[in-house]
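Given next are the chains, with one letter for each unit.
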Amino acid sequence: MAEDEATVNSGDPADEPFPLLIAVTPSPAERIRLAELLDGIAPLLLVADLDELRRLIAAPQQVAPPEPAPVAALVIDSARSSARCGAREIDLTRLEHDLLTCLITEPARVWSYAELHRSVWGDEGRERKADVQSLVKRLRRKLHDLGTGATIDVVRGVGLRLTDHQHARVERA
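Model, not experiment: these values are computed from the prediction.

The secondary structure content of the protein amounts to six helices and eight strands. Counting all 173 residues of the protein, 25% fall into the buried class. A fraction of 47% describes how many contacts in the protein between residues 6 or more apart in sequence connect residues 24 or more apart. Carbon and sulfur atoms provide 54% of the accessible area of the protein, an area that totals close to 11,900 Å².

This is the structure in structure tokens:
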């Protein structure tokens, strides 16, 4: 019999109903007197008026999460050699345009420095990593100023890739 009783009462105490005494009185002295008089009998909620009680026991209002702002696409305009995102637009040098176009046209690809150097500069023999790094630094600054979420990330030991490329595209003349 003791085992059955222990099994029945083994639930979480928070799930069990409990008595709650609620006292409504505007007098602070009366609230103190009630607290002393009813101490230890049951949990006690003392409020000054019914409005305060309603605020305490009312179900919280569900606040809808704010709608995410629509993501503006990063658009490379090849005819004007510019990039735009929403209403903002920046001019691109030929090298910046060509590098960004490489990264956007194959967005999932991680480009090695050598591949980018060959594609952008057209030099087969030179392939200088510093040239690419310098160009990427300027292009990152321009993308930031443009207000796009897209950026150029380094994949350690492999090369570079464009992140947040889902909304990027190249427009050709």
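Before going further, it helps to spend a moment on the pattern of salt bridges. This structure, assessed with the given rule, holds ten salt bridges. Arg109 serves as the salt-bridge partner of Glu115, at 3.0 Å between the closest nitrogen and oxygen. Using a relative accessible area of 25% as the deciding quantity, one classes Glu115 as partly exposed.

According to the stated counting rule, one finds zero aromatic pairs in the structure shown. Taking NZ or CZ as reference, Arg109 lies 3.7 Å from the ring centre of Trp111, over its face.

Moving on, we get to the nonpolar core. Formed by 27 residues in total, the largest nonpolar core has its most connected members in Leu74, Leu99, Leu100, Leu116, Ile152 and Leu162. Those elements giving two or more residues to this core turn out to be strand S3 (74-77), strand S4 (82-85), helix H4 (94-105), helix H5 (113-121), helix H6 (129-146) and strand S7 (159-163). Discounting chain neighbours no more than four positions away, the residues touching Leu99 are Leu116, Val120, Leu135, Val136, Leu139 and Ile152.

Our next topic: the sheet that holds S3. Reading across the sheet, the four strands line up as S5-S4-S3-S8 and stay open at both edges, with mixed pairing between neighbours. Bordering the open sheet on either side are strand S5 (88-91) and strand S8 (168-171), each of which pairs with just one other strand. Geometrically, the sheet is characterised by an average inter-axis angle of 20° between neighbouring strands, direction not taken into account. The pairing of S4 with S5 spans four bridges and is classified as antiparallel. Across the sheet, the residue bridging to Ala83 is Ile90, located in S5. Along the sheet, H4 contacts S3, S5 and S8; its crossing angle with S3, the most-contacted strand, is approximately 130°. The strands touched by H6 are S3, S4 and S5; relative to S5, the strand with the most contacts, the crossing angle is about 160°.

Calculation criteria
- Residues numbered from 1 in each chain as written.
- Predicted model: local features only at pLDDT ≥ 70, side-chain atom pairs only at ≥ 80, totals over all residues.
- Heavy atoms only, no water.
- Helix = DSSP H or I, 4+ residues; strand = E, 2+ residues; numbered from the N terminus.
- Buried < 20%, exposed > 50% of the residue type's maximum accessible area, 1.4 Å probe, protein only.
- Contact = heavy atoms within 4.5 Å.
- Areas by Shrake-Rupley, 256 points an atom, 1.4 Å probe, with all protein chains shown as cover.
- Salt bridge = Lys/Arg side-chain N within 4 Å of Asp/Glu carboxyl O.
- Phe/Tyr/Trp six-rings, centres within 6.5 Å; stacked < 30°, edge-to-face > 60°.
- Lys NZ or Arg CZ within 6 Å of the ring centre and 35° of its normal.
- Core = buried A, V, L, I, M, F, W, Y, C linked by side-chain atoms within 4.5 Å.
- Pairing = 2+ DSSP bridges.
- Axes fitted to C-alpha atoms, helices over the stretch in contact; angles between N-to-C directions.

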